[in-house]
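Structure at a glance
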Amino acid sequence: MKYTRMHGAGNSFVIIDNMDGGLEKARLSLLAKNLCAEYNSDGILVTVPDDCGDADFGMLYYNADGSLGEMCGNGARCIARYGYEHGLAGDPELIRIRATAGIVLGRRISEELYEVRLNDPSVAEPVRMAKACGREFACSYVELGNPGIPHAVLLADEDDFSDMNALKERGRELRYNAVFPKGANITFAVKTGTNSVKAITYERGVEDFTLACGTGCGATAISLAMWGMIPENRVEIDMPGGHLSVTFDFDGGKYSNLLLTGPTAYVD
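Residues numbered from 1 in each chain as written. Predicted model: local features only at pLDDT ≥ 70, side-chain atom pairs only at ≥ 80, totals over all residues. Heavy atoms only, no water.

Here we take up the state of the cysteines. Note: disulfide means a covalent bond formed between the sulfur atoms of two cysteine side chains. Overall, the coordinates contain zero disulfides when judged by the stated rule. There is no disulfide at Cys72, and the cysteine sulfur nearest it, in Cys213, is 6.8 Å away. Judged by relative accessible area, which is 6%, Cys72 ranks as buried. Free cysteine: Cys139, not disulfide-bonded; nearest cysteine sulfur from Cys133 at 12 Å. (Disulfide = S-S within 2.5 Å. Buried < 20%, exposed > 50% of the residue type's maximum accessible area, 1.4 Å probe, protein only.)

Printed below as a string of structure tokens:
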């Protein structure tokens, strides 16, 4: 079996080409566990034919624990590059990928820089209270796509990042909190400028902090907008693995057209 390793701002993946349908879905969960353990990756991305006919190809995303994820923002950016460079998509300005959460549109900006349109939020709540580590926290709650990828975002202080073990435990408890029925990815964000934040995400399915989380960046941008903390529909986000940017539209009380831009790279 041939596979390719890539990362997007440090978010690491193993890509498997299954356009011929040779791999049964029942095997993919076990493959995800084994390959992610071997290569210390966050998940696997599997290319599959698009049965509906309105995308260039399909993408299945499996977390490191073998669970099927709805979508992955940085994974979509990586597989957009992979799909274009391997002939699965012919137009670099419009790479159409069908994920479990819906159609994702990708675009090549340069050899390494790729942009994807994240799924519009189906849920966007500015406040949902949750308890963890003996404290109560005000979180936003955002689901991107349908079925939605669940995210909770919390404002943090710079001091919180000085004890990453304590922050990880907070993220772990919040991730399983009952107020998030599907569990949630937990992002801690510190405002660093007018339109910039420093952030880190505790990802469900990986069950740890990751170097970057693309959908977490999208949820963070929406959360900051709901809280009235950014003057423009643009957020620059520094995650441990690199820099990502998100732009979005807001009209009629709805957020849409979330564009996530950042680097992609192959791993030897």
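Here we take up the environment of Thr187. Among the structural elements, Thr187 can be located in strand β12 (residues 185–193). According to the relative accessible area criterion, Thr187 is buried, its value standing at 1%. Separated by 161 residues in the primary sequence, Thr187 and Ala26 place their C-alpha atoms 31 Å from one another. Excluding anything up to four places from it in sequence, Thr187 contacts Ala152, Val153, Leu154, Ala199, Ile200, Thr201, Gly216 and Thr220. (Helix = DSSP H or I, 4+ residues; strand = E, 2+ residues; numbered from the N terminus. Contact = heavy atoms within 4.5 Å.)

Time to look at the packing of aromatic side chains. Evaluated as defined, the whole model comprises seven aromatic pairs. Taking 6.2 Å as the distance between ring centres and 75° as the angle between the ring planes, the aromatic pair formed by Phe13 and Tyr61 counts as edge-to-face. Placement of Phe13 in strand β2 (residues 11–17) and of Tyr61 in strand β4 (residues 57–63) is noted, with a sequence separation of 48 residues between them. Grouping aromatic residues by their ring pairs yields a cluster made of Phe188, Tyr202 and Phe209. The positively charged end of Arg128 is found above the aromatic ring belonging to Tyr141, 4.1 Å away from the centroid. Its end group placed over the ring of Phe161, Lys198 keeps NZ or CZ at 4.6 Å from the ring centre. (Phe/Tyr/Trp six-rings, centres within 6.5 Å; stacked < 30°, edge-to-face > 60°. Lys NZ or Arg CZ within 6 Å of the ring centre and 35° of its normal.)

Here helix α1 (residues 25–39) spans 21 Å end to end across 15 residues, near enough to the 21 Å set by a 1.5 Å rise per residue. The axis of α1 is deflected most strongly, by about 25°, at Leu31. Looking at the buried residues of α1, the elements they touch are β1 (3–8), β2, β3 (43–48) and β4. Positive phi shows up at Asn40, right after α1, with a value of about 55°. (Expected span 1.5 Å × (residues − 1). Bend = angle between axes of the 7 residues up to and from the residue.)

Moving on, we get to the side chain of Thr210. Among the secondary structure elements, Thr210 is positioned in strand β14 (residues 208–210). A polar contact is formed between the side chain of Thr210 and the backbone oxygen of Ala212, at a distance of 3.1 Å. Other than its neighbours up to four places away in sequence, Thr210 contacts Asn11, Asp42, Ile200, Thr201, Glu203 and Pro240. (Polar contact = N/O pair within 3.5 Å; in protein donor to acceptor, adjacent residues only side chain to side chain.)

This part is about the nonpolar core. Met71, Ile97, Ile237 and Met239 are the most contacted members of the largest nonpolar core, which totals 50 residues. When residues in this core are grouped by element, the largest group, six residues, is from helix α4 (residues 214–226). Not counting residues within four places of it along the chain, the set of residues in contact with Met239 comprises Ala199, Ile200, Thr201, Leu211, Ala212, Cys213, Cys217 and Leu244. Counting residues in each nonpolar core, the second largest holds 19 residues, with Tyr141, Leu167, Val190 and Ile200 among its members. (Core = buried A, V, L, I, M, F, W, Y, C linked by side-chain atoms within 4.5 Å.)

The next point concerns the pairing of β12. In this sheet, β12 lies alongside strand β11 (residues 149–155) in parallel orientation, the contact comprising five bridges. Note that in β12 the partner of Val153 across the bridge is Thr187. Each parallel crossover has a hand, and the one from β11 via helix α3 (residues 164–175) to β12 is right-handed. Where β12 lies against strand β13 (residues 196–203), seven bridges are found, and the strand directions are antiparallel. Across the sheet, the residue bridging to Phe188 is Ile200, located in β13. (Pairing = 2+ DSSP bridges. Right-handed = clockwise from strand over helix to strand, strands pointing away.)

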